[in-house]
Every structure is written in structure tokens, then in C-alpha cells.
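Geometric and topological summary
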Amino acid sequence: MQTEIEIKFFVTSNIKKSLSNFLNSLEIISSEQVRLGNVYFDTPKLDLRRLDMGLRIRRSDHFSEQTIKCRGQVVGGLHARPEYNAPVSGNLPTLSAFPDHIWPSLAMRDEIQSRLVAQFSTDFLRRHWLIVFDGAQIELAWDRGEIVGVLGRAQIDELELELKSGEASALFELAARLADLGGVRLGSQSKAQRGYRLAGLGKPLAVQPLPDIGGLDGKARITLGLQLWQHHEQLWLECGKEERQQALQGMLQGCDLVAEAAENLAQAPAWLPVLRGQQHLLAEAGEERLSALLHEADLVGLQLAIAAWLHLDS
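Residues numbered from 1 in each chain as written. Predicted model: local features only at pLDDT ≥ 70, side-chain atom pairs only at ≥ 80, totals over all residues. Heavy atoms only, no water.

**Here we look at the state of the cysteines**
Counted only if it meets this: Here, two cysteine sulfur atoms that lie within 2.5 Å of each other are counted as a disulfide.
If you walk through the whole model with that rule in mind, you get zero disulfides. For the unlinked cysteine cysteine 255, the closest cysteine sulfur is that of cysteine 239, found at 16 Å.

Written out as C-alpha cells, the structure is:
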């Protein structure tokens, strides 16, 4: 087993030149380009989805591999999920190739195995670079392609930074420098989550109410607030005009929850004044300006700073 720790960005404009210059400034051990075909599996009743597991077969010209990702956490674009990999030869995954302890019971595992079907696919070109940065080894991958489901297709244009060895602080620092280039925003949705929706199997994005925060400590409230903020940011970008005001209110509620929890800490985080400033800009912006703000490096950097504080200050 390995725990995948990565930061995901959605690419929102042409970054080819700025990314090339960025890479030229770094120490790169190796680089490679590979085309990857992925098929995701579940039962018709989405038993794996209910267990918060994702199952796929990935193939290239050089390998075939099955992977299962288990319950993890996504905070501010940082994805941390245990995953298990095994060789595969057929067209269906073999669940017995994964450790027994990840299943509620072996009987459930075998029942899921008997009903597995392909649900959707992702196909993309991955360019990746292994980088030495601040004592850590970090892989930067640029995925460009598409997700295909029964409801249609969606573009993939993502940058992922994955920590291979070393301290997570280096991962956040490299991510902050990448965010400064502009043209990217943090992504909390995985390819699998987007794929389930295109397969007609995932819940559509919708306004979420303010969660019950009674009894939660400051860090837990900040985590919930950041998740609420980013959920409604994605909703605002995808929904029609009639829903945008509600989505904006959800964003602002999330910002408020983060800020109020931070203000009640014994020592206020350094990012708190920046948050209040960005919150004011979001509240006062018209639609065109708000669309631009959601893609600006200052806002992306702020969300990264909050996520880093949550992950590193423990």
C-alpha cells in the first residue's frame, strides 16, 4: 500500500510557455510522455462508490495495472488516499489481488466481484517530470485528454504534483510557485468523481447547507469551511445564471466559517487578513469580475496557504 499525497490543479488557460520556463528553473531527474487508457468499474448499484472506493484498470503500451483507491481526504486541493496496485491480465479487475483487510468482509468483496461492470473511461496523454525540490522528490504530471460516459464527454486538462519522498512542506512550496504562474486553480474533484457524473451515476453539484459545527474545534471548522467554499466555487463555474447567487452565498459562507474559526484561535494564522480581503472582493464583484477572481493566482495561493496550514500545522 501507498498513500498518494498530491495537489491537483485544473488548467484554465494556455500555460505552455510559462510552464516550460518554470520547469527550466528546476532540477529535473527524469521526464517521460505516455498515453494512458483507463476504465473505471463498479457494480450497477455502485457498491464501491458507497464504500468510497475507486477501481480502475490502467493500460499503456508498456503495462496493464489495476488500482483501488480507498477512503481518504481532500482538503483545499490536497488529495491523500491510500491506494493499492496489482498487475492485471484480463478485462475485469480481480479484487482478490488486493489485501483482505480493506473490505468490510470477504463475502462482500466476492459479491462485488461477481457484479463488476465498466462504468466510464478516461483517456489522456500524460507528460511527467520527476523534480528534486527542497530535499524532496516530487512528480509533476500534466494530463490532457477526455472523460467519456453515457451522458457525454468532458475535457481533462490537469496538473498534479505528487510527493514521492521527502516532506509535505516542499510539496506545498512547489505548488505555491506553480500557482503563481497563473492559469490554474485548485481542483477538489477527481477524474473518477467527474466520470461518475458523466456516467449518470453521480449526484449533480448542488447548493450545500452550512454544516453543523457544534462541538468541532477550530481546525475542523476551517476544514469544513474550505470544503464548503471550494464546492460552491465549482458550482458557480458550472451552474446556470439563476443558481449563481446561491452558489456565491455558499462561497461566502465557507469563507466566513474559515475566517471566524481562525479569529478564535490562540494565534491567528498569517493568511487571515488576506482571506478577509479576498472575501470582500468576492462579495463586491459582478459576474464577469468574479469569474476572473476565481482564476487569479492570489485566490489560488490563499487556498493553498490554508490547506498547507491545515496539513502541516498539526
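**Describing the packing of helix H8 (residues 272-284) against helix H10 (residues 297-312)**
The condition is simple: Convention adopted: a line fitted to C-alpha atoms gives each axis, helices being fitted over their contacting stretch, and angles between N-to-C directions are expressed from 0 to 180 degrees. The secondary structure listing takes helices from DSSP runs of H or I that are at least 4 residues long and strands from runs of E that are at least 2 residues long, numbered from the N terminus. Geometric relationships in this document are graded by angle, where less than 35 degrees denotes roughly parallel, more than 145 denotes roughly antiparallel, 65 to 115 denotes roughly perpendicular, and other angles denote oblique. Put simply, a crossing is left-handed when the front helix is turned counterclockwise from the back one by less than a right angle, and right-handed when it is turned clockwise. The contact definition used throughout considers only heavy atoms, calling two residues in contact when any of these lie within 4.5 Å. Only Asp, Glu, Lys and Arg are considered charged in this grouping, and only Ala, Val, Leu, Ile, Met, Phe, Trp, Tyr, Cys and Pro are considered nonpolar; every other residue, Gly among them, is considered polar.
Close contact between H8 and H10 brings their axes to 10 Å; oriented N to C, the two are set at 135°. Between H8 and H10, the angle falls in the class oblique. Classified by chirality, the crossing of H10 by H8 is left-handed. Where H8 approaches H10, its residues Val274, Leu275 and Gln278 are matched on the opposing element by Asp298, Leu299 and Leu302. Considered class by class, the residues forming the contact of H8 with H10 number four nonpolar, one polar and one charged.

**A word on the packing of helix H4 (residues 168-179) against H10**
Relative to each other, H4 and H10 sit at 175°, their axes nearing to 9 Å. Comparing their axes, H10 and H4 come out roughly antiparallel. Side by side, H4 and H10 meet where Ala168, Ser169, Phe172, Ala175, Ala176 and Ala179 of the first sit next to Ala297, Val300, Leu304, Ala307, Ala308, His311 and Leu312 of the second.

**Quick look at empty space enclosed by the protein**
Our working rule: Residues are said to line a cavity or pocket when one of their atoms sits within 4 Å of a point; the points come from a 1 Å grid over protein atoms alone, cavities being sets where a 1.4 Å probe fits but cannot get out and pockets being open sets with protein on both sides within 12 Å along at least five of seven lines. Grid points are joined across faces, edges and corners, and a volume is the space filled by probe spheres set on the points.
Under the defined criterion, the tally for this structure stands at one cavity of 30 Å³ or more. Taken as a whole, the largest cavity encloses approximately 40 Å³ of empty space. In this structure, the largest cavity is lined by Arg185, Leu186, Ser188, Gln230, Glu233 and Gln234. Those elements that provide at least two residues to the lining of the largest cavity are strand S10 (184-186) and helix H6 (218-238). When the residues that make up the lining of the largest cavity are grouped by side-chain class, the tally is one nonpolar, three polar and two charged.

**What to know about the nonpolar core**
This is how the line gets drawn: By nonpolar core we mean a set of buried residues, namely Ala, Val, Leu, Ile, Met, Phe, Trp, Tyr and Cys, connected to one another through side-chain atoms within 4.5 Å. Three exposure classes are used, based on accessible area relative to the maximum for each residue type with a 1.4 Å probe and protein chains only: buried under 20%, partly exposed in between, and exposed over 50%.
Counting 62 residues, the largest nonpolar core has Phe9, Leu159, Trp229 and Trp271 as the members making the most contacts within it. Here tryptophan 229 is in contact with Met251, Gly254, Cys255, Leu275, Leu282, Leu299, Leu302, Gln303 and Ile306, once residues within four sequence places are set aside. Counting residues in each nonpolar core, the second largest holds 16 residues, with Met53, Ile68, Tyr84 and Leu95 among its members.

**So, the pattern of salt bridges**
Put simply, the rule is: One speaks of a salt bridge when a side-chain nitrogen belonging to Lys or Arg is within 4 Å of a carboxyl oxygen belonging to Asp or Glu.
Going through the model one piece at a time under the given rule, you end up with 25 salt bridges. Salt-bridge contacts for arginine 115 lead to aspartate 47; the nearest nitrogen and oxygen are separated by 3.0 Å. One end of the pair, arginine 115, is in the loop between helix H3 (106-114) and strand S7 (117-133); the other, aspartate 47, is in helix H2 (residues 47-50), and 68 residues separate them in sequence. The partner of lysine 69 in a salt bridge is glutamate 83, with the nearest N and O atoms 3.9 Å apart. Of the two residues, lysine 69 is situated in strand S4 (residues 64-69) and glutamate 83 in strand S6 (residues 78-87); the sequence distance between them amounts to 14 residues. For lysine 69, a relative accessible area of 17% corresponds to the buried category.

**Structural notes on the packing of aromatic side chains**
Applied cut-off: Here a pair means two rings of Phe, Tyr or Trp (six-membered ring of Trp) with centres within 6.5 Å. Their orientation is stacked below 30 degrees between planes, edge-to-face above 60, and tilted elsewhere. Criterion for a charge above a ring: Lys NZ or Arg CZ within 6 Å of the ring centre, and within 35 degrees of the ring normal.
Counting across every chain of the model gives three aromatic pairs. Where phenylalanine 120 meets tyrosine 196, the ring centres are 5.3 Å apart and the plane angle is 65°; that geometry is what we call edge-to-face. Of this pair, phenylalanine 120 sits in strand S7 while tyrosine 196 is found in helix H5 (residues 191-198), placing the two residues 76 residues apart along the sequence. Look at tryptophan 271 and tryptophan 309: their rings are 5.8 Å apart centre to centre, the planes differ by 80°, and that puts the pair in the edge-to-face class. Here tryptophan 271 is found in the loop between helix H7 (241-263) and H8, whereas its partner tryptophan 309 is found in helix H10, with 38 residues between them in sequence. In this structure an aromatic cluster arises from ring pairing among Tyr40, Phe120 and Tyr196. The ring of tyrosine 196 carries arginine 49 above its face, with NZ or CZ at 4.4 Å from the centroid. Sitting over the face of the ring of tryptophan 236, arginine 244 holds its NZ or CZ atom 3.9 Å from the ring centroid.

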